[in-house]
Amino acid sequence: MIKARKRWLSVLLTVAMLAALLIPLATPAQAACSYTVVPVLSLQAGKTYNLTTSPVYLQISMDKATALAATGSQVDLSLPSDPSGFALSVNTNGIQVVGGTVAVSVYKTGTQTPLASTDQVRSFTLAVNSVGTISDSTVIISVPITYLAIPGGASGSINLTATPAYGSVFSGGSVTIATVGSKQVTLAAESVPSISSSGGQIGVIDISENMAGALKDSGSDAALKLTLPPGFSWDTTAAPTVSLVFGNLNVTSPQINPTTPPNNTLYFTTANNGRELQIHVPDAAASTGSGASFLKVTASITVDESVAKTGDVKVTVSGAATATPSELVVAKYGEYGLTVKAISAPDLVAGKAVKKIGKFEIAENLKGSLIPDRTITLTLPDGVKWAAMPKIDEAASTTAGIDVNAVNNSWQPVGSDGRMIKGTIKFQSGLTSTTDAAKLVFKDAKVTISPEFSGNLDVTIGGSQGLTGTITLGKVAAGVKVSVSSTPDVKIGLSDQVAGDVTIAETAAGIIDSTVTYSTYNGAYPNSGMLDKVETNNQAQIVLVLPSGVKFSSLPTVSVTQGDLQIDTPKTQNDDTELVIPIKSSSTTPSTIKITNIKLTVNRTVPEGPVNLKVEGTAVNQTLDKDGKDTYFPGATAVAKVAIAKCVTPAPHEVVSKAIFKINEAKYTIDGKEYPMDAAPYIDPVTNRAMAPMRYIAYAAGVTPENILWNPETRTATFMKGDRIVQVTADSNILVVNGTNVAMDVKAVIKDGRFFLPVRWLSVALGCQVDWNAQTQEVIVLRNVVQTPGQTQ
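Calculation rules
Residues numbered from 1 in each chain as written. Predicted model: local features only at pLDDT ≥ 70, side-chain atom pairs only at ≥ 80, totals over all residues. Heavy atoms only, no water. Helix = DSSP H or I, 4+ residues; strand = E, 2+ residues; numbered from the N terminus. Rg over C-alpha atoms; globule rule 2.2 N^0.38 Å. Buried < 20%, exposed > 50% of the residue type's maximum accessible area, 1.4 Å probe, protein only. Contact = heavy atoms within 4.5 Å. Lys, Arg positive; Asp, Glu negative; His and termini not counted. Charge placed at Lys NZ, Arg CZ, Asp CG, Glu CD. pLDDT = per-residue confidence, 0-100. Phe/Tyr/Trp six-rings, centres within 6.5 Å; stacked < 30°, edge-to-face > 60°. Lys NZ or Arg CZ within 6 Å of the ring centre and 35° of its normal. Disulfide = S-S within 2.5 Å. Pairing = 2+ DSSP bridges. Core = buried A, V, L, I, M, F, W, Y, C linked by side-chain atoms within 4.5 Å. Salt bridge = Lys/Arg side-chain N within 4 Å of Asp/Glu carboxyl O.

Engineer: In this structure, what is going on with the overall build of the protein? I would like to understand it.
Structural biologist: When you go through the protein residue by residue, the secondary structure sums to five helices and 69 strands. Over its C-alpha trace the protein gives a radius of gyration of 44 Å, far above what one expects of a compact globule, namely 28 Å for 793 residues. Its C-alpha atoms give the protein principal-axis dimensions of roughly 135 × 75 × 50 Å. By residue count, 48% of the 793 residues in the protein fall in the buried class. Within the protein, contacts between residues at least 6 apart in sequence are counted, and of these 71% link residues at least 24 apart. Side-chain charges in the protein split into 60 positive and 62 negative, and the spacing between the mean points of these groups amounts to 2 Å.

Engineer: Any chance you could explain unusual backbone geometry here in plain terms?
Structural biologist: Glycine aside, a negative phi is what most residues show, and trans is what most peptide bonds show. Here the bond from Val 38 into Pro 39 is cis, since omega is -15°, no more than 30 degrees from zero. Along the chain, Pro 39 falls in the loop between strand S1 (33–38) and strand S2 (41–43). Put simply, Asp 82 and Pro 83 share a cis peptide bond, and its omega is -5°. Structurally, the position occupied by Pro 83 is in the loop between strand S5 (74–78) and strand S6 (87–90). Despite not being glycine, Asn 574 shows a phi value in the positive range, around 55°. Tracing the sequence through the fold places Asn 574 in the loop between strand S50 (571–573) and strand S51 (578–585).

Engineer: I would appreciate a short explanation of the confidence of the model for the protein in the present structure.
Structural biologist: Keep in mind that low pLDDT regions are not for reading the predicted coordinates in detail. For the protein, the mean per-residue pLDDT works out to 91, and 94% of the residues sit at or above 70. Contacts for the low-pLDDT stretch residues 1–31, under 50 throughout, to residues beyond four places or in other chains number 53 contacts.

Engineer: Before we go on, may I ask you to explain the packing of aromatic side chains in this structure?
Structural biologist: Note on aromatic pairs: each is described by the distance of the centres and the angle between the planes. Applying the stated rule across the entire model yields eleven aromatic pairs. For the pair Trp 411 and Phe 442, a centre-to-centre distance of 5.9 Å together with 85° between the ring planes defines the contact as edge-to-face. Taken as a pair, Trp 411 in the loop between helix H3 (404–408) and strand S34 (412–414) and Phe 442 in strand S36 (residues 439–443) lie far apart in primary sequence, 31 residues in all. Across the pair, Phe 442 and Trp 411 agree in class, each one buried. Between Phe 661 and Tyr 668 the ring centres are 5.1 Å apart and the planes differ by 5°, which places this aromatic pair in the stacked class. Across this residue pair, the class does not change: Phe 661 and Tyr 668 are buried. Counting every residue linked through ring pairs, the aromatic cluster contains Phe 661, Tyr 668, Tyr 675, Tyr 696 and Tyr 699. The cationic tip of Lys 385 hangs over the ring face of Phe 633; the distance from NZ or CZ to the ring centre is 5.5 Å.

Engineer: Just checking my understanding: could you explain the state of the cysteines for this structure?
Structural biologist: Such a bond, covalent and formed between the sulfur atoms of two cysteines, is termed a disulfide. Going through the model one piece at a time under the given rule, you end up with zero disulfides. The cysteine Cys 647 is free of any disulfide, with Cys 768 supplying the nearest cysteine sulfur at 19 Å. With relative accessibility at 2%, the residue Cys 647 sits in the buried group. Since its relative accessible area comes to 6%, Cys 768 is described here as buried.

Engineer: Help me understand the sheet that holds strand S18 (residues 232–234) in this model?
Structural biologist: What holds strands together in a sheet is hydrogen bonding between their backbones, with the strands either parallel or antiparallel. The antiparallel open sheet is built from three strands, whose spatial order is S15-S23-S18. Every other strand in the sheet has two partners, leaving strand S15 (200–201) and S18 as the edge strands with one partner each. Direction of pairing for S15 relative to strand S23 (residues 300–303): antiparallel, over a ladder of two bridges. Looking at S23, one finds that Gln 201 is bridged to Ser 300.

Engineer: What is the right way to look at the nonpolar core in this model?
Structural biologist: Side chains of a nonpolar character, in soluble globular proteins, are inclined to be buried together. Ranked by size, the top nonpolar core spans 47 residues in total, and within it Leu 58, Phe 124 and Ile 177 carry the most contacts. The biggest single contributor to this core is strand S10 (residues 138–150), with six residues. Excluding its chain neighbours within four sequence positions, the residues that come into contact with Leu 58 are Thr 36, Val 37, Leu 77, Phe 124, Ile 141, Ser 142, Val 143, Ile 145, Leu 160 and Val 175. Formed by 40 residues, the second largest nonpolar core is a distinct cluster that contains Ile 512, Ile 581, Val 611 and Ala 619.

Engineer: Please clarify how the pattern of salt bridges should be interpreted in this entry.
Structural biologist: Pairing of side chains with opposite charge becomes possible as their charged atoms draw close. Considering all chains together, one arrives at 16 salt bridges under this definition. Note that Lys 296 is salt-bridged to Asp 206, the shortest N-O span being 3.2 Å. One end of the pair, Lys 296, is in strand S22 (residues 294–298); the other, Asp 206, is in strand S16 (residues 205–209), with 90 residues separating them in the sequence. Lys 296 gets classed as partly exposed once you look at its relative accessible area, which sits at 22%. The class of Asp 206 is buried, set by a relative accessible area of 7%. Counted as one network, the salt bridges with shared partners bring together Lys 551, Asp 575, Arg 760 and Asp 771.

Engineer: Explain the side chain of Ser 369 here, please?
Structural biologist: Tracing the backbone shows Ser 369 in the loop between strand S30 (360–364) and strand S31 (375–379). Ser 369 gets classed as buried once you look at its relative accessible area, which sits at 10%. When sequence neighbours within four positions are dropped, the list of residues in contact with Ser 369 reads Tyr 336, Gly 337, Leu 338, Glu 364 and Gln 465.

Engineer: Would you mind going over the sheet that holds strand S21 (residues 276–280) with me for this structure?
Structural biologist: The sheet built from six strands is open, its strands ordered S14-S26-S24-S17-S21-S20 with mixed pairing. Among the strands making up the open sheet, the edge pair consists of strand S14 (194–195) and strand S20 (267–271).

Engineer: Even after reading the chapter, I still don't get the pairing of strand S13 (residues 185–189), so can you show me in this structure?
Structural biologist: Along a regular strand, successive side chains alternate from one face of the sheet to the other. Direction of pairing for S13 relative to S16: antiparallel, over a ladder of five bridges. Bridging across to S16, Leu 187 finds its partner in Ile 207. Summarising the sheet, S13 and strand S25 (residues 323–324) pair through two bridges and their orientation is parallel. Pairing of Val 185 across the sheet is with Ala 323, part of S25.

Engineer: Would you take a moment to explain the pairing of strand S9 (residues 123–134) for this structure?
Structural biologist: Of the pairings in the sheet, the one linking S5 to S9 comprises five bridges and is antiparallel in character. Among the inter-strand pairings, Gln 74 is bridged to a residue of S9, identified as Ala 127. Relative to S9, strand S8 (residues 100–108) is paired through eight bridges, and the arrangement is antiparallel. Paired with Tyr 107 across the strands is Thr 125, a residue of S9.

Engineer: What should I look at first to understand the side chain of Glu 361 in this one?
Structural biologist: Relative to the helices and strands, Glu 361 resides in strand S30. The side chain of Glu 361 is buried and forms no salt bridge, while Lys 341, the nearest opposite charge, is found at 4.0 Å. Setting aside anything within four residues of it in sequence, one finds Glu 361 in contact with Thr 339, Val 340, Lys 341, Ile 343, Lys 439, Leu 440 and Val 441.

Engineer: Any chance you could explain the environment of Leu 494 here in plain terms?
Structural biologist: For Leu 494, the location among the structural elements is in strand S42 (residues 494–498). Linking Leu 494 and Ala 445, residues 49 residues apart in sequence, is a C-alpha distance of 52 Å.

Engineer: Sorry, what's going on with the environment of Ile 425 here?
Structural biologist: Here Ile 425 lies in the loop between strand S35 (420–424) and S36. Taking C-alpha positions, Ile 425 is 8.0 Å from Ala 406, a pair spaced 19 residues apart along the chain.

Engineer: Just checking my understanding: could you explain the environment of Ala 223 for this structure?
Structural biologist: Inspection of the secondary structure assignment puts Ala 223 in the loop between S16 and strand S17 (224–227). Measuring from C-alpha to C-alpha, the distance between Ala 223 and Val 185 comes to 9.8 Å, with 38 residues separating the pair along the chain. Sequence-distant contacts of Ala 223, defined by excluding residues within four places in its chain, comprise Leu 215, Lys 216, Asp 217, Ile 279, Val 281, Ser 318, Gly 319, Ala 320 and Ala 321.

Quick look at the structure:
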């Protein structure tokens, strides 16, 4: 049984890291079990390689659950069969398991014969005999390969193929164990530091060979030439530092511009007015054998600021070695300063509270550009208020000595309108400058948006750090789209006039709320104007609001024509000027509400032009206060509006007659002319309805005296006007209109010998329109009068 060793794990992880710099490995078939080979050697066809002192390791990784189920599992591991002659050897005594106690055996494929360390085979079988304690989340079985034979004719990637036995936990797939081809050198910059006009150290350059001898001079041509752009020169005050990670290329005491170039170690020279750094590798210094070399070069550059251009410092790569890439960014040149940019700008919905806006980034051009204790201000446009402060996204940021918690906790509101906040840059204890060019990505800022705001959410940047400009952190639109089938003409002074059908469509599921969410001032920042929200269990509703002077003549038909939104019974309110649609449950698919059979009554005060219907209410607006008032965005209550009709003047022979009854006054007027009554109107104390003597209501409605009949036996009054016959009996709330019973919300009564009726019910039954002026305590009865030419009202 082979047990895990912590020291062995350290060795494996180091080798894996170095190999990862050289070549990507095959992706495993399943995430639970994967195969890697480290290092992947670059070899030549037609040769054999003894790797006893520097084995190649096949690593089989399994997650904990897979490892616990691995007992009895087997997998065949095979080199290619074409061309023939591939072979390998496994040091069976050197197999190690990291992360748990797992016993494994290795056999010759197709037999139960154990594989000896000296056997040279094309394939072998690895079997798990037993599993004990698994201590880590990942278990690695490491198999040392100590011999490889590459037949003539082989080229490209040489893969080791895994074929699991039936029922095995091992995955199938393949992994590259070696590559066969031409010699190449690969370069990479480990980092891209920012430098100023004073110059400095560039990013460490990694140089790796794919096979021994790839990095070598050819005649008078240096192995590599690294040429800087104009305005930059290699610093020759000291030779660049070279460290050999692995391989046997000789880098002992490298010199720069030596008087007598050495013939057995790497050295440097400069050319082209100091812009070109030449890396020389004489034959005697080049790597040999089966192992390629990997080295790191650290160098510094100087800057002529009169010539150098700001931005990326790109080194051009050339020389005797075949090298990639041809250009390499090793530094970023610039002056002190800061940049700010938006990273994301999500779609947002008007009228919604406490919604997350996009991320944004503040970056130093050079380290030290941020000054401790200076501020950054963020100002929202009018119609938007802050709800939550931004926080630094540490995973996406380069904090470089910035104190993240201190900055996060430094944000404070400015003023009392909720539109501006400021944050203060704080450094970690003991630091007065960033340790590298900092990049701060801010996330999780939240805002509350007025129902009438639309367009880009542009945030203005300011503060003592010196940042200016605007960034777009969201795109705001209404959450519902409102359309109308038509806009027919309606005339002033008439009732029961048909308007267009209205459609309200959600732009996304759940836009229309079923429960009330209201806004409130943020208690953490009193007197700042910042908003928070409160979610309730109260039923939310859409409210469709008509303009002043226009009413619903009857209750429209409301239905959900698409999606799974559910509504309760609609109703009118506020003297029939509003249609209320209660929401029973929100949608899970975008839904559409349709309102049909809309009939309007238009009084004489309505101007010519469009009759606009506003879409309001707690189902689409979370910015109202707990009492349903527009405290935070005064006057902004509608998320959308649409013209459902067009108001025009009446036909030439249509006029409107206007009668006024004033509460507690025994007189009334018709078109400005005053008439006496033998009893004064009053307000019913139970129903709050205006009551007036029936005869005078009938006169105002256009009923002549001879068409008013009274039956004292049944105490029933009858009113006749054109094709309408209306009857009502004392102490009854039933109004009979052309034979149809209509229930009133107040009874007709005889008081002090006079028959009193509710003004609204009788006037409407006789084809009139009724308005109420609460301030003057007046009931206004409007009726249409058709005149012949020359007739006066």
